[in-house]
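# Commentary on secondary and tertiary structure
The residues making up each chain are set out below.
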Amino acid sequence: DAKTTQPNSMESNEEEPVHLPCNHSTISGTDYIHWYRQLPSQGPEYVIHGLTSNVNNRMASLAIAEDRKSSTLILHRATLRDAAVYYCILRDRGTSYGKLTFGQGTILTVHP
Amino acid sequence: ETGVTQTPRHLVMGMTNKKSLKCEQHLGHNAMYWYKQSAKKPLELMFVYNFKEQTENNSVPSRFSPECPNSSHLFLHLHTLQPEDSALYLCASSQEFGGHSPLHFGNGTRLTVT
């Protein structure tokens, strides 16, 4: 699986937008970009995923660069409950193994 | 409620004990996974099952033995573990095996080996 690079930590204030970046310069044409987050004492939670086009759902938006070598997870209005570790992962559409390789992720701190 | 239920939530066992971790999903998913999360380390994939068939064993020691009796249940049998096996063990499932199918995780079993 191709690797991703994320900042170790980021901070935000409550009710402000948060842009979490992810670099994946070795992404292949069949890799989906997945984002998960993990709150303390819980398992990872699926947030959003995309292939080429930007995606929106009730939790967040995913902006994918035109060359697909980077992406940004956008939380439109951060809340205290959004404080978590955020993981950006690439998952090959074509692989026979549906595995996800996790990195260290970005620790997001939200200040009241 | 994540749709994936793991029991027990916490487990303390000695190195000579035998115990089992249980995972259950009623999401109608066809693939199930075991992950290990140690302190300060990324999640490590251990085993993958697709339609009850094991498709990946990620070089896991034989003291960990998975079992998938049906698409809804997954077990991890533990025996003669080492203290370094203490970790959070996470179960996940996905609708399909392909990369477009998101994983749904349980909240894990916190295992302590004494």
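Further up the page is the structure itself.
Residues numbered from 1 in each chain as written. Chains lettered and ligands numbered in written order. Predicted model: local features only at pLDDT ≥ 70, side-chain atom pairs only at ≥ 80, totals over all residues. Heavy atoms only, no water.

### Some details on the overall build of chain A
As a reminder of what qualifies: Only runs of H or I of at least four residues qualify as helices and only runs of E of at least two qualify as strands under DSSP, and these elements are numbered from the N terminus. Atoms counted for the radius of gyration: C-alpha only. Globule rule: 2.2 Å times the number of residues to the power 0.38. Only heavy atoms matter for contacts: two residues are in contact if any of them lie within 4.5 Å across the pair.
A count of helices and strands for chain A gives 0 helices and 9 strands. Going from the N terminus to the C terminus, chain A shows its helices and strands as β-β-β-β-β-β-β-β-β. A compact globule built from 112 residues should have a C-alpha radius of gyration of about 13 Å, and chain A, at 13 Å, falls within 12% of that. Seen through its C-alpha atoms, chain A measures out along the principal axes to roughly 45 × 30 × 25 Å. For chain A, the share of sequence-separated contacts (at least 6 apart) that also reach a separation of at least 24 residues comes to 58%.

### Regarding the interface of chain A and chain B
Stated formally: The term buried area means the drop in 1.4 Å probe accessible area that two parts suffer when joined, counted for both and summed. Throughout this description, the term salt bridge denotes a Lys or Arg side-chain nitrogen within 4 Å of a carboxyl oxygen of Asp or Glu. Nitrogen and oxygen atoms within 3.5 Å of one another constitute a polar contact, given that in protein one can donate a hydrogen and the other can accept it, and given that sequence-neighbouring residues count only through two side-chain atoms.
Opposite the 22 residues of chain A that make contact, chain B presents 25 residues. A buried area of about 1800 Å², summed over both sides, lies between chain A and chain B, and 53% of it is on carbon and sulfur atoms. Taken together, the connections running from chain A to chain B amount to 0 salt bridges. Linking chain A to chain B there are 7 residue pairs in polar contact (both at pLDDT 80 or more).

### Things to note about the sheet that holds strand β8 (residues 84-92) of chain A
All names here are of chain A. Heads up, the rule is: For two strands to count as paired, DSSP must find a minimum of two bridges between them. Axis definition: a line fit to C-alpha positions, over the contact stretch in the case of helices; interaxial angles, taken between N-to-C directions, run 0 to 180 degrees.
Judged by pairing direction, the sheet is mixed, and its 5 strands sit side by side in the order β1-β9-β8-β3-β4 without closing on themselves. Each of the sheet's edge strands pairs with one partner strand only, and the pair in question is β1 (9-13) and β4 (45-50). Going across the sheet, the axis of each strand differs from the next one's by a mean of 25°, ignoring polarity. In the sheet, β1 pairs with strand β9 (residues 106-111) via 5 bridges, with the strands oriented parallel. Among the inter-strand pairings, Glu11 is bridged to a residue of β9, identified as Thr109.

### Concerning the nonpolar core
Inclusion rule: For this analysis, a nonpolar core means a set of buried residues of the types Ala, Val, Leu, Ile, Met, Phe, Trp, Tyr and Cys, connected via side-chain atoms within 4.5 Å. Relative accessibility under 20% of the residue-type maximum defines a buried residue, over 50% an exposed one, and the middle range a partly exposed one, all with a 1.4 Å probe and only protein chains included.
One finds Trp34, Phe64, Leu76 and Leu78 of chain B to be the most contacted residues of the largest nonpolar core, which totals 22 residues. Residue assignment for this core shows that the elements contributing at least two residues are β2 (10-13), β3 (18-25), β4 (31-37), β5 (44-50), β7 (64-70), β8 (73-79), β9 (87-94) and β11 (109-113) of chain B. Within the second largest apolar cluster, 21 residues are counted, among which are Ile27, Trp35, Cys88 and Leu90 of chain A.

### Notes on the layout of surface pockets
Let me state the cut-off plainly: Cavities and pockets were defined on a 1 Å grid built over protein atoms only: a cavity is a set of grid points that admits a 1.4 Å probe from which the probe cannot escape, a pocket is an open set flanked by protein on both sides within 12 Å along at least five of seven lines, and lining residues are those with an atom within 4 Å of any such point. Grid points are joined across faces, edges and corners, and a volume is the space filled by probe spheres set on the points. All residues other than Ala, Val, Leu, Ile, Met, Phe, Trp, Tyr, Cys, Pro, Asp, Glu, Lys and Arg, Gly among them, are scored as polar; the first ten of these are nonpolar and the last four charged.
Of the pockets and cavities examined, the largest pocket occupies roughly 610 Å³. Lining the largest pocket we find 24 residues, and of these Arg37, Glu45, Tyr46, Arg58 and Met59 of chain A sit closest to its centre. Going through the elements one at a time, β3 (31-38) and β4 of chain A together with β10 (104-105) of chain B are the ones with two or more residues in the lining of the largest pocket. At 3 residues, the largest contribution of residues to the lining of the largest pocket is made by β4 of chain A. In terms of residue class, the lining of the largest pocket is built from 9 nonpolar, 9 polar and 6 charged. Along the wall of the second largest pocket there are 20 residues; nearest its centre are Gln38, Val85 and Tyr87 of chain A together with Gln37 and Lys40 of chain B. Top contributing element to the lining of the second largest pocket by residue count: β8 of chain A, with 3 residues. Of the residues assigned to the lining of the second largest pocket, the class counts are 9 nonpolar, 8 polar and 3 charged.

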